[in-house]
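As a plain string of letters, each chain reads:
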Amino acid sequence: MYKITVNGQIHEIEHDGRLIDYLRDELRLTSVKEGCSEGACGTCTIIADGKKVKACVQKISRMDGKSIVTVEGLSQREKDVYAYCFAEAGAVQCGFCIPGMVISAKSLLDTNLNPTRLDVKKAIRGNICRCTGYKKIEDAILDAARYFRENLEIPAISDSACVGEHYHRRDAKDKVLATGEYVDDVVLPGMVYAKALRSKYPRARVNHIDISKALAHPDCVTVITADDVPNNKCGHLRKDWDVLIKEGHITRYIGDAIVLAVTKHKECLDEVLALVEVDYTELEPVLSPVDALKEGAPLVHSSGNLLTKEVCKRGDADGVIARSKYKVTKHYSVPFTDHAFMEPECAVAFPENGGLHVYTAAQSVFDEQHEIAYILGIPAEQIVVESKFVGGGFGGKEDMSVQHHAALASWVTGLPVKVKFSREESVKYHVKRHAMEMDFTTACDENGYLTAMKAVIYSDTGAYASLGGPVLQRACTHAAGPYNYQDVDIVGYGAYTNNIPAGAYRGFGVTQSCFATECNINLLAEMVGISPWEMRYKNAIRPGQVLPNGQIASDDTAYVETLLAVKEDFESSPYAGIAGCMKNSGVGVGIPDIGRCRLDVKEGKVYINTSASCMGQGIGTVCIHIVCEATGLKPSQVVHVTPNTAETPDSGTSTASRQTLFTGEAARRAAMQLKESLDDVGELERLDGRYFYAEYFGKTDPMGSDKPNPVSHVAYGYATQVVILDEEGKVKKVVAAHDAGTVINPKSAEGQIEGGVVMGLGYGLTEDFPMDNGYPVLNYGRLGLMRATDVPEIEVKFVKSDKVSKLAYGAKGIGEICSVPTAPACQHAYYRYDGQFRTKLPLEHTKYKK
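In this text the structure is predicted, and so the values were computed from the model without any measurement.

Enquirer: Teacher, can you tell me more about the packing of helix α15 (residues 510–528) against helix α21 (residues 822–834) here?
Expert: Each packed pair of helices is defined by two parameters, the angle between the axes and the distance between the axes. At a closest axis distance of 8 Å, the pairing of α15 and α21 adopts a crossing angle of 35°. Here the hand of the crossing between α15 and α21 comes out right-handed. Between α15, through Cys514, Phe515, Glu518, Cys519, Asn522, Leu523 and Glu526, and α21, the contact on the second element is made entirely by Ala823, Pro824, Gln827, His828 and Tyr831.

See the structure below:
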């Protein structure tokens, strides 16, 4: 018998086990989040006898006689202060890490109410945040210390949310105090659990599967095989991903699911899976995109190993390069990297009205609805998909991971089913950023004006297509950079291999090709004898000029302004590196892309209905700003509705930095209709029961269009970043100048950029995802994620054109572009520091990676 005091109440426990399971499952203390199960991420942080403890690696027996405090056990004063300060600072994005951050803050402030920023950084070093870049969290903790120290009253929250004003995120308090729900917080009566047995080999023939012993286990509900799946294929764009591998078929990577076990208790899942006997014949895998496209290579799919070939060609690149004064040719290698969102994948499905209701945390409830309906062979209307809070995504929650398995298991058993990846499963099996091998040639004249470029890109899409085609398209359409020259010849090959599949990732291919182009430009500047800043300024795209992809730069183009904003910063240090970029808003390249919004008036409030998923970027708050701006209503009169396929219109996937512009513009149009009616009747209450619906369709041209100036994307954001090293070769400051058009919520946008910069620093300096013959070799704690003590000062500068677009009040996407130019800026800084020109990420022989 163990005796533990939790939040002031004594509990007597007869069994031993993981502390986190007791706190979450038996006491329902959902502030204690399970992010990694190895004590590395800090989302499960609690206080035990006054000291910080990671609950996921503690046994109940080790807590015997101790007193534990979780966020639920904070005093009301503490709850009020932390909820206000974190919201006021803009410290909450996806929110999954925040309760753990609050506990670490309490641990510090209980003994030191006058901390320095370094004290705060050290206090939260054990807590990883993937969204914010830590600065806003540090600001929140420092502000909380002031409130406690000076015994300040909590101010009233502003009831104004016009465009450009600071307004607390609507979900901030629920995330700080853990009163909002993530999927793993859901517990339903009679709920059972499911988990897949994964392939033992990257490539092997499954000769025979014997489930008889597993079925005999007393806790086993059933074991599902491929024969139980109506349509055994899924896939975001291409249906090439097996739900379960059939007997006689060949696995394509170590994450392939062989069978799906369903048990009454989650603790028994591994026991039951261990009883499944699978006979394999191991086969030779193909492990690189170049090898995959060689004649005679093992076929990953019967259709061949070439997923897609993308071409972006204009003018006569070969001829112009040959005639140019200066030219540079380099080979660049960029790695797979893990999204490392804080919330591991989780889904719950249960029977409802002859179909299924699915709780998820992904990037589009409608994408999930359509894929699940296809797998089960039923009409989409029979599947209701509802989003809970999404604990980060960055592109990694666009594909099926656990959603389809939860739905399948519930469909087969008729029971509520939860499927959750452990962090180990997430690292091993879910999609990554595309690794690419790239050959880039860039040329200029004697004055430093760019003349032409040529590139060949090999992209490793892994075992399945996922978003490999669009990612490669974006790598190609952005490969020449935001510059004014038109002779380009870019060819990209996306190849299947037996590696872990690659999918959408913040930057979406642009991060990779930008690295190559920006590095080449620095070498050309050296040859010409001008500064890298001047080289970019000379060639920077300006309104009305033609981009390398043929699109005419719109009036709101402000790349030049971003360069001017960082000029002094770049020239302030001999160890400053610079890089610029552009990034699309919207899917583009001729693909239908529609934002939708419906405003319902009920009981004196306006309900914003849109399926746009919030993974932390704050699209709900953006829509509130836009509706308030258009109508003059106060935010207290506006409610944002959780995405749900039965209630909210399809606003498309939260991808391609599109939601602020596309759904934001749809919200603006619907709000203008509401405003017109409101002006007619005078009072919102007199519109009760009415709704106002609008769409925004972004019309673009396909790749390879024969138009002289095709429109690849409806909008582009632009950025220049400067990375500054100290005398020891460590990054001491990053300056990020961004053209995001009209900034809807300045603190939120600033936090997005700070988080993106830190992710970009990780890509450039510390993060990697090596595989050995198709097997991952790192666990979560060794992914190279930056912690608060690793992060330098980050200064964000917003610039914009005097002629912003009318769409969404002139806003452009910021979610992806902020991580694009950071790695090449790091490369340039180190080149200036030690003269070594590095062509591979993460950069080697630095203070961060030997």
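Back to the text.
Enquirer: What am I meant to see in the layout of surface pockets here?
Expert: Leftover empty space is mapped by rolling, across the atoms, a probe with the size of a water molecule. Here the largest pocket defines a volume of roughly 1,200 Å³. For the largest pocket, the lining is made up of 46 residues, of which Arg18, Lys195, Lys266, Asp270 and Ser422 are closest to its centre. Elements with a contribution of two residues or more to the lining of the largest pocket: α1 (19–26), β6 (192–198), α8 (269–274), β18 (417–420) and α13 (423–429). A per-class count over the lining of the largest pocket returns 19 nonpolar, 6 polar and 21 charged. Estimates place the volume of the second largest pocket at around 560 Å³. Taken together, 30 residues line the second largest pocket, and the ones lying closest to its centre are His236, Asp367, Val587, Ile591 and Thr653. Taken together, the elements giving at least two residues each to the lining of the second largest pocket come down to α11 (365–376), α14 (468–477), β22 (576–585) and β23 (594–602).

Enquirer: I'm lost on the nonpolar core in this one. Help?
Expert: Nonpolar side chains tend toward joint burial in soluble globular proteins. Residues Phe86, Ile137 and Tyr780 are the most contacted members of the largest nonpolar core, which totals 211 residues. At 10 residues, α15 tops the list of elements feeding residues into this core. Among residues more than four places away in sequence, those in contact with Tyr780 are Cys36, Glu38, Ala40, Cys41, Ile128, Ala340, Met342, Arg423, Val427 and Leu785. One finds Val163, Ala612, Ala630 and Ala808 within the second-largest nonpolar core, a separate group that totals 33 residues.

Enquirer: Even after reading the chapter, I still don't get helix α16 (residues 532–539), so can you show me in this structure?
Expert: Structurally, the α-helix is built with 3.6 residues per turn, so residues lying three or four positions apart point the same way. Within α16, burial applies to Pro532, Trp533, Met535, Arg536 and Asn539. For α16, the angular spread of the buried residues around the axis is 160°, confining them to a single face. Of the surrounding elements, those touching the buried residues of α16 are β19 (435–444), β20 (450–462), α15, α17 (559–571), β22 and α21.

Enquirer: When you look at the sheet that holds β22 in this model, what are you seeing that I'm missing?
Expert: Across a sheet, paired strands are connected by hydrogen bonds in the backbone, their directions being either parallel or antiparallel. Spatially, 4 strands are ordered β22-β27-β28-β31 in an open sheet, and the strand pairing comes out mixed. Unpaired on one side and paired on the other, β22 and β31 (793–799) mark the two borders of the sheet. With strand direction ignored, the average angle separating the axes of adjacent strands in the sheet is 15°. Bridge count between strand β28 (residues 731–739) and β31: 7 bridges; the pairing is parallel. Paired with Val734 across the strands is Ile794, a residue of β31.

Enquirer: How should I be thinking about empty space enclosed by the protein in this particular structure?
Expert: For the coordinates displayed, the defined rule picks out 12 cavities of 30 Å³ or more. Estimates place the volume of the largest cavity at around 600 Å³. In terms of lining residues, the largest cavity is bounded by 40 residues, among which Gln617, Gln752, Ile814, Gly815 and Glu816 are the most central. At the level of elements, α18 (619–631), α19 (659–681) and α20 (746–766) are the ones that each hand at least two residues to the lining of the largest cavity. Broken down by element, the residue count for the lining of the largest cavity peaks at 4 residues, all from α18. The calculated volume of the second largest cavity comes to roughly 150 Å³. Around the second largest cavity sit 18 residues that line it, and Arg198, Trp241, Tyr253, Met400 and Ser401 are the ones nearest its centre.

Enquirer: I would appreciate a short explanation of a negative patch on the surface in the present structure.
Expert: Together, Glu603, Glu683, Glu685 and Asp688 line one region of the surface with negative charge. Residue placement: Glu603 occurs in the loop between β23 and β24 (605–609).

Enquirer: Just checking my understanding: could you explain α15 for this structure?
Expert: End to end, α15 covers 26 Å across 19 residues, agreeing with the expected 27 Å (1.5 Å per residue, within 8%). Counting buried positions along α15 gives 17 out of 19 residues, so the element sits mostly inside the fold. Of the residues flanking the end of α15, it is Gly529, one or two places downstream, whose phi is positive at about 90°.

Enquirer: Teacher, can you tell me more about the sheet that holds strand β25 (residues 638–640) here?
Expert: An order of β25-β24-β23-β26 is seen for the 4 strands of this open sheet, with the pairing classed as mixed. Edge strands, defined here as strands with exactly one partner in the open sheet, are β25 and β26 (691–697). Strand-to-strand twist of the sheet, defined as the mean angle between neighbouring strand axes without regard to direction, takes the value 20°. The pairing of β23 with β26 spans 7 bridges and is antiparallel. Among the inter-strand pairings, Ile594 is bridged to a residue of β26, identified as Phe697. Each of β23, β24 and β25 is contacted by α18, which is oriented at about 150° to β25, the strand it contacts most.

What counts and how
Residues numbered from 1 in each chain as written. Predicted model: local features only at pLDDT ≥ 70, side-chain atom pairs only at ≥ 80, totals over all residues. Heavy atoms only, no water. Axes fitted to C-alpha atoms, helices over the stretch in contact; angles between N-to-C directions. Helix = DSSP H or I, 4+ residues; strand = E, 2+ residues; numbered from the N terminus. Left-handed = near helix turned anticlockwise from the far one by under 90°. Contact = heavy atoms within 4.5 Å. 1 Å grid on protein atoms, 1.4 Å probe; cavity = no way out; pocket = protein on both sides within 12 Å on 5 of 7 lines; lining within 4 Å. Points joined across faces, edges and corners; volume = space filled by probe spheres on them. Nonpolar A, V, L, I, M, F, W, Y, C, P; charged D, E, K, R; others polar. Core = buried A, V, L, I, M, F, W, Y, C linked by side-chain atoms within 4.5 Å. Buried < 20%, exposed > 50% of the residue type's maximum accessible area, 1.4 Å probe, protein only. Arc of directions from axis to C-beta. Pairing = 2+ DSSP bridges. Patch = residues over 30% accessible without salt bridge, like charges linked within 9 Å, V, L, I, M, F, W, Y side chains within 5 Å. Areas by Shrake-Rupley, 256 points an atom, 1.4 Å probe, with all protein chains shown as cover. Salt bridge = Lys/Arg side-chain N within 4 Å of Asp/Glu carboxyl O. Lys, Arg positive; Asp, Glu negative; His and termini not counted. Charge placed at Lys NZ, Arg CZ, Asp CG, Glu CD. Expected span 1.5 Å × (residues − 1).

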